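Read off the chains here:
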Amino acid sequence: MKIPFLDLKVPYKELKEELDSAYARVMEAGWFVLGEEVDAFEQEFSSYCGAKYCVSLGNGLDALHLILKAYNIGAGDEVIVPANTYIATWLAISYAGAAVIPVEPDVHTFNLDPRRVESAITERTRAIMPVHLYGQPAKMDSILEIAHKYHLMVIEDAAQAHGAHFQSKPAGAWGDAAAWSFYPGKNLGALGDAGAVTTDDSGLAERIRMLRNYGSRVKYYNEIKGYNSRLDSLQAAFLRVKLRHLDDWNRRRKAIAQQYLDGLMDLSDIIAPVLLDGVDPSWHLFVIRHAQRDALQKHLERAGIGTLIHYPVPPHLSEAYSDLGKRAGAYPITEEMARTVLSLPMGPHLAQESVEIVINELKGFVATNLSCSS
Ligand SMILES: *Cc1c(COP(=O)(O)O)cnc(C)c1O
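Throughout what follows, the structure given in this document is the object of discussion.

**Describing a nonpolar patch on the surface**
Next up, step 1: Among the surface-exposed residues, Tyr-23, Met-27, Phe-32 and Val-33 lie close enough to one another that they form a single nonpolar patch of about 350 Å² accessible area.
Next up, step 2: In this fold, Met-27 is placed in helix H1 (residues 10–29).
Next up, step 3: Given a relative accessible area of 34%, Met-27 falls into the partly exposed group.

**Some words on the sheet that holds strand E12 (residues 279–280)**
Next up, step 1: The three strands are arranged E7-E6-E12 in an open sheet whose pairing can be described as antiparallel. Every interior strand has two partners, whereas the edge strands, strand E7 (169–170) and E12, have only one.
Next up, step 2: Examined bridge by bridge, strand E6 (residues 165–166) and E12 share two bridges and lie antiparallel to one another. Residue pairing in the sheet places Phe-166 in a bridge with Val-279 of E12.

**Here's the deal with the packing of aromatic side chains**
Each aromatic ring pair is described using two quantities: the centre-to-centre distance and the angle formed by the ring planes.
Next up, step 1: In total, this model carries eleven aromatic pairs according to the counting rule given.
Next up, step 2: Consider the rings of Trp-90 and Tyr-321, whose centres lie 5.1 Å apart with planes at 75°: the pair is edge-to-face. With Trp-90 in helix H4 (residues 87–96) and Tyr-321 in the loop between helix H10 (293–302) and helix H11 (332–340), this residue pair connects regions lying 231 residues apart in the sequence. We note that Trp-90, like Tyr-321, is buried.
Next up, step 3: Following the ring pairs from residue to residue traces out a cluster consisting of Phe-41, Phe-45, Tyr-48, Trp-180 and Phe-182.
Next up, step 4: Positioned above the aromatic ring of Trp-174 is the side chain of Lys-169, whose terminal nitrogen or guanidinium carbon lies 4.8 Å from the ring centre.

**Regarding the nonpolar core**
Next up, step 1: In this structure, Tyr-134, Tyr-260, Phe-286, Ile-288, Leu-344 and Leu-362 are the most contacted members of the largest nonpolar core, which totals 36 residues.
Next up, step 2: Taken together, the elements giving at least two residues each to this core come down to helix H9 (246–264), strand E13 (286–289), H10, strand E14 (341–344) and helix H12 (352–373).
Next up, step 3: In terms of residue count, the dominant contributor to this core is H12 (six residues).
Next up, step 4: Filtering out sequence-adjacent residues up to four positions away, Phe-286 remains in contact with Ala-257, Tyr-260, Leu-261, Leu-264, Pro-273, Leu-342, Ser-343, Leu-344 and Met-346.
Next up, step 5: By size, the runner-up hydrophobic cluster in this structure holds 30 residues, among which are Leu-57, Val-79, Ala-96 and Leu-204.

**Points about the environment of Thr-125**
Next up, step 1: By the element assignment, Thr-125 lies in strand E4 (residues 125–128).
Next up, step 2: Along the primary structure Thr-125 and Tyr-220 are separated by 95 residues, whereas in three dimensions their C-alpha atoms are 36 Å apart.
Next up, step 3: Among residues more than four places away in sequence, those in contact with Thr-125 are Glu-78, Ile-80, Ala-120 and Leu-152.
Next up, step 4: Within the structure, Thr-125 has its side chain in polar contact with the backbone nitrogen of Thr-122 (distance 2.8 Å).

**Let's talk about the site of the ligand**
Next up, step 1: Near the ligand you find Asn-59, Gly-60, Leu-61, Tyr-86, Ala-88, Val-131, Asp-157, Ala-159, Gln-160, Ser-181 and Lys-186, and these make up its full shell.
Next up, step 2: In the model, an oxygen atom of the ligand is placed 2.8 Å from a nitrogen or oxygen of the Gly-60 main chain.
Next up, step 3: One nitrogen or oxygen atom from the main chain of Leu-61 is found 2.9 Å from an oxygen atom belonging to the ligand.
Next up, step 4: Coverage of the ligand by the protein chains reaches 91% of its 390 Å² of free accessible surface.
Next up, step 5: Residue composition of the shell around the ligand, grouped by class: five nonpolar, four polar and two charged.

Rules used in this analysis
- Numbering of residues starts from 1 in every chain and runs along the sequence as written.
- For this predicted model, a pLDDT threshold of at least 70 governs which residues receive local features, and a threshold of 80 or more governs which side-chain atom pairs are given and counted, while totals over whole chains, interfaces and linings are taken from all residues.
- Excluding hydrogens and water, the side-chain figures rest on all heavy atoms present in the structure.
- Surface patches are defined over residues having more than 30% relative accessible area and no salt bridge, joining like charges when they lie within 9 Å and nonpolar side chains (Val, Leu, Ile, Met, Phe, Trp, Tyr) when within 5 Å.
- Residue-level accessible areas treat just the shown protein chains as cover; the underlying method is Shrake-Rupley with a 1.4 Å probe.
- Counted as salt bridges are all cases of a side-chain nitrogen of Lys or Arg within 4 Å of a carboxyl oxygen of Asp or Glu.
- Strands are runs of DSSP state E lasting at least two residues, helices are runs of H or I lasting at least four, and both sets are numbered from the N terminus onward.
- Each residue is placed in one exposure class: buried if its accessible area under a 1.4 Å probe, protein chains only, is under 20% of its type's maximum, exposed if it is over 50%, and partly exposed if it falls in between.
- In this analysis, strands are considered paired if DSSP registers two or more bridges between them.
- Centres within 6.5 Å are what make two rings of Phe, Tyr or Trp a pair, Trp counting through its six-membered ring; a difference in plane orientation under 30 degrees is then read as stacked, over 60 as edge-to-face, and the rest as tilted.
- The rule is short: NZ of Lys or CZ of Arg within 6 Å of the ring centre and within 35 degrees of the ring normal puts a charge over the ring.
- Residue types Ala, Val, Leu, Ile, Met, Phe, Trp, Tyr and Cys, when buried and joined through side-chain atoms within 4.5 Å, form a set referred to as a nonpolar core.
- We call two residues contacting when some pair of their heavy atoms lies within 4.5 Å.
- Here a polar contact is taken to be a pair of N or O atoms separated by no more than 3.5 Å, where protein atoms must pair a possible hydrogen donor with a possible acceptor and residues adjacent in sequence count only if both atoms sit in side chains.
- Nearness is judged by heavy atoms alone; a residue qualifies as near a molecule or strand once a single heavy atom is within 4 Å of it.
- Nonpolar residues are Ala, Val, Leu, Ile, Met, Phe, Trp, Tyr, Cys and Pro. Charged residues are Asp, Glu, Lys and Arg, and all others, Gly as well, are polar.

Structure follows, in structure tokens:
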């Protein structure tokens, strides 16, 4: 690939000195799980998010799962979730023992459609889990309004939305709690698996602190049946370095997104991302739609341009959820997205010239496609 979808070697080049010195600091301290680096990262990340508490964890899936556990949401409960999310959001609900209630997205923004949320609520509904998909915040004002009306919890899946805002308020600061992933490819990425919960709810933070560490507050005194989902000191030290660059790196993503948006403006059969009024996305992904998506992806591949599909199989049609008995056609908007979405190269280290090449290849594809069909 001349232009890879994402190159995770380049960030190291930019931050080598800072990351190497963080590594040396942890090695010399000789403390590898939780501890001072983790405490410091939790403080820095909670203040970045505008939240009172941050509890770091092993990964983003655990963050979603442990929020549900700590709120005692489980068997007999229903949780509303986008039909078109990464499967992790669904799995967290399943792990907790609750029922997944999928709701179709808004066809333009790809995010949970508040109008459809209300009609999915039953007496068993306990929580709504909006996902800020691709880094664009969901319509949180309307979602909170519905949640208050029906006394539901709001748990944000903010795994793609580090630094995103809606109506000037950070993604993750809207609901009762937010789940974060620091998987290497995320906007704030560790050099391995990592995740966190942010919240203003001190009780929730305390319960998750116990759950992540075998259900204990004091070592070897176990109050509840917990898990092991602790953050490594080394990952915390790396994340502290990368957090300092997050806003700058998000600004670079924004410039790339703008270059794509300008370049694709008059390519009528390519559907560019549509932004909701008041959002400032993190641009985790730049996702276009095209009726001949597979042909377009091959065309770009031949030109040496790496792309990905987020996501090719909607959770309800995945083998893992065959027990739901949902057939093709159950969630038509979600299924249409799975057929047509394509994620273009995006990241803070993508060169302006590379974006220009991608845009030109897209133009070339549209032009040949037009002459074929006429
Ligand atoms: C990455 C991601 C997760 C899961 O995070 P992990 O750290 O990989 O467990 C959950 N939800 C969404 C939307 C994600 O993009």
